[in-house]
Amino acid sequence: MTRYIFVTGGVASSLGKGIATSALAAILQTRGYKVRIRKFDPYLNVDPGTMSPSQHGEVFVTDDGGETDLDLGHYERFTGVSSQKSDNVTSGQIYQAVIQKERRGDYLGATVQVIPHVTDMIKDYITRNTEDLDFMICEIGGTVGDIEGLPFIEAIRQLGNEFGKNQVLHIYLTLLPYIPSAGELKTKPTQHAVKELLNLGIQPDILLCRSDRPFDEGTRSKIALFCNVPIQNVIAALDVDTIYSVPTRYHQEGFDRQVLKHFGLPNDEKPNMAQWDSIVAKIRNPKETIRIAIVGKYTSHLDSYKSLIEALTHGGIANETRVDLEWIESDRLERVSPRLLLAGADGILIPGGFGERGANGKMIAIQYARENKIPLFGICFGLQMAMVEAARNLLGLKNAGTTEFGPCEDPIVGLMTEWQKDGATEKRHAEGLMGGTMRLGAYPCQIQPGTLAHRVYGETLIHERHRHRYEVNIAYREALEKVGLIFSGMSPDGKLPEIIEYKDHPWFIAVQFHPELKSRPFAPHPLFTSFVKAALIQKRNIVYTTHEGQKECQTA
Ligand code: GLN
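None of the values given here were measured: they were computed from a predicted structure.

(A) Quick look at the sheet that holds strand 17 (residues 410-415). Spatially, the three strands line up as an open sheet ordered 16-17-22, and their pairing is mixed. Each having just a single partner strand, strand 16 (400-402) and strand 22 (470-472) make up the two edges of the open sheet. Averaged over all pairs of adjacent strands, the angle between strand axes in this sheet comes to 25°, irrespective of strand direction. Two strands pair when backbone bridges link them, and strand 17 and strand 22 are joined in this way by three bridges, in the antiparallel orientation. Bridging across to strand 22, valine 413 finds its partner in valine 472. Along the sheet, helix 15 (residues 381-393) contacts strand 16, strand 17 and strand 22; its crossing angle with strand 16, the most-contacted strand, is approximately 165°.

Spelled out as structure tokens, the structure:
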């Protein structure tokens, strides 16, 4: 029997529902259960692919080409289960499906309404392909009470009623704010948030209470009394230093035991959390520290780089090293010397990005890393800028560029209008739709033996996830190879450069795909492990001297 767990949130947004959901799934997995997580987002966009990273954060791409909410990245990292496009459902998708059905005449003359037609569609998306699971955990995005979220809350209320208590559990994540003048954590916002949920017909079974300090038994029993939940089901969710300690913390608070109790499942035996404890210990006790400069455009919205930050942490875990990140807004490099801005970096990373602003700054950083032999890791747009930088500065093609910024004399990077996927031809044109039309999802890449990329991966055929509209133009390949570039990874048909590196550089790798999306704490991505290692080596070789009050570096 598949059991359904619904995770909703009240009081405030950004309380960490995604991590809480992932952590619960991870503990249930260590207990041997088969779990899957889905995210339901009440906004009207069909997917977050068309949203600005500064509004919505990172767009997480699945193997099957879904552009999804960044919480799916947490789900994958915590459970090791690869998500699918269908694991992120939005109101946009639900309404699109309902309207298509209506246009086909499938409603047989009925007046199409939110209840039952929209709620039926939501229930269908929740319960689809769940037969082989022990637990289907559904996170409902937004905060309970939001107008656009109402059909989702109604749908899960109905499912609770249809399946019954032994098959459905409602978890509600709330906040206990600390009021300094009173010197205590306040329960009233939680009481009101629970009332809000009750108004919509749902009595939460478990309350997960976020707070920045522990609460006492008095507070716990007050919450239990006013919110009508058993006292053992008021679970403390304290702030932690690393998200990877959350599964063990929640387990210590009795979270998984109460979940299993609710379903009448055995809960006496303790799960083995050793694997989690060991990565947390590695994060907390690093042997060394390195500093990576990330030259990007959304540096004031770090949610835009969620998977990247995690992948660097994983690379650090693999090397027992703490990775300190220095965020550099790329257009600053157009005004301030890279010697000043990048002097303290043991490695430089150019992440994915869109649009012209800041592109020159990225190329300045790339040139600096290339010339000074500092480890450089370019991702997607980072690879495209590395190619343009090489064309401009090594081939002397001053007007080399990418057609993403408009027509140019030497289009080193251009709009891709046709490519192969699973044996079929995918076609696009410049005036086509924006949503869901990039090169998306997992594609194979053939690695040339004997290259750095080959040493890093240890294999010659890899699959990595893509999300981009433009591609490197292979017409310039030969010329670029003559000046030291190596095309170490190509699409199997040999048309699309996927990985490039330099002959005379200790570690310069740029990739057209997004390796950060596949990195996991228990399986750090080889490129991140290797990049952190290269930065460690760089750090050991470098001596810092102060020259006229400025930081300079020289190779020892
Ligand atoms: N803007 C570039 C493109 O669309 C790169 C995208 C990215 O870095 N994800 O091709």
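Now that the structure is up, let's keep going.
(B) Fine view of the nonpolar core. Among the nonpolar cores identified, the biggest contains 42 residues, and Ile5, Phe135, Ile137 and Ile171 are the most heavily contacted of them. By residue number, the principal contributor to this core is helix 1 (residues 17-30), which donates eight residues. Counting 40 residues, the second largest nonpolar core, distinct from the first, contains Tyr4, Ile126, Leu159 and Cys209.

(C) The arrangement of empty space enclosed by the protein in detail. Under the criterion given, the structure shown has three cavities of 30 Å³ or more. Approximately 70 Å³ is the volume attributed to the largest cavity. Lining the largest cavity we find 13 residues, and of these Ile140, Gly141, Thr143, Val144 and Ile153 sit closest to its centre. In this model, the second largest cavity occupies a volume close to 60 Å³. Around the second largest cavity sit Val35, Arg36, Ile37, Tyr75, Thr79, Val81, Ser82, Ser83 and Asp87, which together line it. Those elements that place two or more of their residues in the lining of the second largest cavity are strand 2 (35-41) and helix 3 (71-79). In terms of residue count, the dominant contributor to the lining of the second largest cavity is strand 2 (three residues). Of the residues assigned to the lining of the second largest cavity, the class counts are four nonpolar, three polar and two charged.

Procedures and definitions
Residues numbered from 1 in each chain as written. Predicted model: local features only at pLDDT ≥ 70, side-chain atom pairs only at ≥ 80, totals over all residues. Heavy atoms only, no water. Pairing = 2+ DSSP bridges. Helix = DSSP H or I, 4+ residues; strand = E, 2+ residues; numbered from the N terminus. Axes fitted to C-alpha atoms, helices over the stretch in contact; angles between N-to-C directions. Contact = heavy atoms within 4.5 Å. Core = buried A, V, L, I, M, F, W, Y, C linked by side-chain atoms within 4.5 Å. Buried < 20%, exposed > 50% of the residue type's maximum accessible area, 1.4 Å probe, protein only. 1 Å grid on protein atoms, 1.4 Å probe; cavity = no way out; pocket = protein on both sides within 12 Å on 5 of 7 lines; lining within 4 Å. Points joined across faces, edges and corners; volume = space filled by probe spheres on them. Nonpolar A, V, L, I, M, F, W, Y, C, P; charged D, E, K, R; others polar.

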